[in-house]
Amino acid sequence: MQKALHTGKYAQNIVSVVQNAKDNPGQLSLQDLSDYQVVERPPVCVTYRIYEVCGMSAPSSGIAVGQILGILNEFSPNQVGYDAEGLRLRIVMYIWATLILYLYPFAS
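Residues numbered from 1 in each chain as written. Predicted model: local features only at pLDDT ≥ 70, side-chain atom pairs only at ≥ 80, totals over all residues. Heavy atoms only, no water.

(A) Molecular detail of the overall build of the chain. Tallying secondary structure elements over the chain gives 5 helices and 2 strands in all. Starting at the N terminus and ending at the C terminus, the chain contains elements arranged as α-α-α-β-β-α-α. The burial tally for the chain puts 18% of its 108 residues in the buried class. In the chain, 36% of the contacts between residues at least 6 apart in sequence involve partners at least 24 apart. About 8300 Å² of surface is accessible on the chain, with carbon and sulfur atoms providing 59% of the total. (Helix = DSSP H or I, 4+ residues; strand = E, 2+ residues; numbered from the N terminus. Buried < 20%, exposed > 50% of the residue type's maximum accessible area, 1.4 Å probe, protein only. Contact = heavy atoms within 4.5 Å. Areas by Shrake-Rupley, 256 points an atom, 1.4 Å probe, with all protein chains shown as cover.)

Written as structure tokens, this is what we have:
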């Protein structure tokens, strides 16, 4: 599959779509894709309550998600408080937690 993405039919289709984009055509070439080297990095994992949540390491958003979960972990899910705009902190926390667990469904 890697060869197909870097030099095969898929690569040609990717380059064609990028170069022929109507609003903002790019300069991606087949040479760019064939020169690409995969860099394997270990996942970033954090403990959130009873879960271990893992995501991709930098330059992806896994570190930011871990930081958000670390902040949320400091609050009790039943805690009620108010932020500067008068919204219930509890609601904001559940929205964030739901969003994060939706984006990272591989929590174990």
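Here the narrative resumes.
(B) Up close: the side chain of H6. Considering the arrangement of structural elements, one finds H6 in helix α1 (residues 2-6). In this view, H6 contacts A11, L30, L33, S34, Y36 and V38; residues no more than four positions away in its chain are not counted.

(C) Focus on the nonpolar core. If you look at the biggest cluster of nonpolar residues, it comprises 6 residues: Y48, V53, V65, L69, L72 and A97. Residue contributions to this core peak at 3 residues, all from helix α4 (residues 62-72). Not counting residues up to four positions away in its chain, the partners in contact with Y48 are V53, L69, L72, N73 and A97. (Core = buried A, V, L, I, M, F, W, Y, C linked by side-chain atoms within 4.5 Å.)

(D) Just the environment of Q67, in detail. Positionally, Q67 belongs in helix α4. Considering only alpha carbons, one finds Q67 and V46, 21 residues apart in sequence, at a separation of 8.6 Å.

(E) Looking closely at the pairing of strand β2 (residues 51-55). Pairing of strand β1 (residues 44-48) with β2, which is carried by 5 bridges, proceeds in the antiparallel orientation. Residue pairing for β2: Y48 is matched across the bridge by Y51. The hairpin turn running from β1 into β2, its antiparallel successor, is 2 residues long, and R49 in that turn takes a positive phi close to 55 degrees. (Pairing = 2+ DSSP bridges.)

(F) Local environment of unusual backbone geometry. Its identity as a non-glycine residue notwithstanding, R49 has a phi of 55 degrees, on the positive side. Within the secondary structure, R49 sits in the loop between β1 and β2. Judged by relative accessible area, R49 falls into the partly exposed class, the value being 30%.

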